[in-house]
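As a plain string of letters, each chain reads:
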Amino acid sequence: MDSATTTAPGDDVSAGKTKSSPPARYIYTEADMDAFRSSPIKTELLSFVTAMGRSCSSSTYRYDPTQPLTGLSPGMASLHGSLRHMAEQWLLEIPPDEQVKARFGNPSFREWHARLVQRSRPMIQSVLDCHKEHVVNARKMEGATTDHSETFSTDTLQACADAGYHAASVSDNKPTEDPKEEEIIAELTAYLHLCFGHPVRLDYGTGHESSFMVLLFCLCKIGCFGEDRTKSALPPPALLAPVALSVLSQYLQVTRGIQSDYMLEPAGSHGVWGLDDYHCLPFYFGACQLRNNVEEYGPDCIQDDGILEAKGDEYMYLGCIRYVKFLKKSAPFFETSPMLNDISRLATWNKVSGGLLRLYEGEVLDKRPVVQHFVFGNIFKATWIASEAPVAPTRTFINGPGGEECIAPWAQNNVSETRSRPRTPPSPELGPGTRAPWATAPRP
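The numbers attached to residues start from 1 for each chain and follow its sequence in the written order. Per-residue local features of the predicted model are confined to residues with pLDDT of at least 70, and side-chain atom pairs are confined, for both listing and counting, to 80 or more; whole-chain, interface and lining totals are unaffected and use all residues. Computation of side-chain values covers all heavy atoms of the structure but excludes hydrogens and water.

1. Section: unusual backbone geometry
Note: most residues except glycine have negative phi, and most peptide bonds are trans. Stated formally: In this description a helix means any DSSP run of H or I spanning at least four residues, a strand means any run of E spanning at least two, and both kinds are numbered starting from the N terminus. Note on classification: 1.4 Å probe, protein chains only; a residue is buried when its accessible area is under 20% of the maximum for its type, exposed when over 50%, partly exposed between these limits.
Backbone geometry places L202, a non-glycine residue, at a positive phi of 55°. With respect to the secondary-structure elements, L202 resides in the loop between α6 (179-193) and β2 (203-205). A relative accessible area of 7% means that L202 is categorised as buried.

In structure tokens:
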């Protein structure tokens, strides 16, 4: 990791840094994608994800769902508190529109996402404030760097979680007096906006999940995991594991809520030949967590619903399988999730986790449709010049009230003329129309 951008808020973040610029997209064409695949920032992000996974089995940390703040840094406790507020309150305050009869995409999600944009600044500000107060300032007062083995008191973590919880309930966009900190907040909020689905397409997928990893990656680089960021190496497993398991578990509570309540469309889903319709990384982190599980559960334990029910809250992978089975309980697991079912036949969790990491790189980070909406700033930095590209649409393409019609730009002048013409049946010379095969069968 580049030490030039890993100093903590409150320190001199301008050291070795070029002039700031607003976070922006850099992936439009396949040439941009090739540049990203071979870029240092993609390597850093994948190394971060890999280290997060390995920490779940290589540290002494054991996730306890009844004590989710244990092991977190003050900054991460604040983020956990904000996510908890989002899961507990936002869906209650912004219920889905029951009048909408659509298979996917409830428009109330746009209001939910607008709230995210309004409140993202105070949430990020709370993370940075907790980090400055309990790590940066404490380090300066003591005249020593933070020890990797340091654990923060329960009272401190709870206070930071409460601060984050409160931050998610207010819309305070008042800027700070520190221009350097303003740059950091602007970049981090831009990443946060991308973590919970798309307000125009009304979908959610692994690209949004990866944007959350980008946010965590950047928070790690500026020291908010609680370590001394004068070092360029990744933090030790004891600091990574609580974030990978506890913070991500809280994030899943938010995303599963919006996916089900707002019926968000799976973005780029592989259907039955995917892990699930929305996520990838929780399976990887969960498989790593089970490498050295004391109960000695093997990959085939997912076939035992009793184990899933008893241990699904503690073990992330088992919780993911339990959730998939809950959503797709109308058919046998081997039919609804053949890939997950096949994975259960592997001999060890090492093989499972290794395969899932390769899957994440190949099917997520190396796919342009998935990562093309990444934005890059000064912490998560692009090293190539982006191609020129048209501005993405800002409204849905839906015929009817509330959306734009699917009319090609060059046909706009002929819209009224075209609508006034009577429709004629297709010529027999052109063959049958483009109808689904089952459409020719008589209706019952």
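So, next bit.
2. Let's talk about the packing of helix α2 (residues 40-58) against helix α7 (residues 206-221)
Put simply, the rule is: Axis definition: a line fit to C-alpha positions, over the contact stretch in the case of helices; interaxial angles, taken between N-to-C directions, run 0 to 180 degrees. Between 65 and 115 degrees an angle is taken as roughly perpendicular, under 35 as roughly parallel, over 145 as roughly antiparallel, and anywhere else as oblique. Contact between two residues is taken to exist if any of their heavy atoms lie within 4.5 Å; hydrogens are not considered. The classification used treats Ala, Val, Leu, Ile, Met, Phe, Trp, Tyr, Cys and Pro as nonpolar, Asp, Glu, Lys and Arg as charged, and all other residues, Gly among them, as polar.
Interhelical geometry of α2 versus α7 gives an angle of 90° and a closest axis separation of 10 Å. The angle between the axes of α2 and α7 places the two elements in the roughly perpendicular class. From α2, I41, E44, L45, F48, V49 and M52 reach across to α7, where they touch M213, V214, L216, F217, C220 and K221. In the contact of α2 with α7, the residues fall into ten nonpolar, no polar and two charged.

3. A closer look at the packing of aromatic side chains
Defined as follows: A pair of aromatic rings is counted whenever rings of Phe, Tyr or Trp (Trp by its six-membered ring) have centres within 6.5 Å, and the orientation is called stacked for planes under 30 degrees apart, edge-to-face for over 60 and tilted otherwise.
Applying the stated criterion across every chain yields a total of 24 aromatic pairs. Taken together, a centroid distance of 6.2 Å and an interplanar angle of 65° make the contact between F36 and W384 edge-to-face. Separated by 348 residues along the polypeptide, F36 in helix α1 (residues 30-37) and W384 in the loop between β4 (375-376) and α16 (415-420) bring together distant segments of the chain. Of the residues examined, W384 reaches a relative accessible area of 11% and is grouped as buried. On the numbers, 5.1 Å between centres and 75° between planes, the contact of Y317 with W349 is edge-to-face. Residue Y317 is located in helix α11 (residues 316-327), and its partner W349 is located in helix α14 (residues 349-365); the two are separated by 32 residues in the primary sequence.

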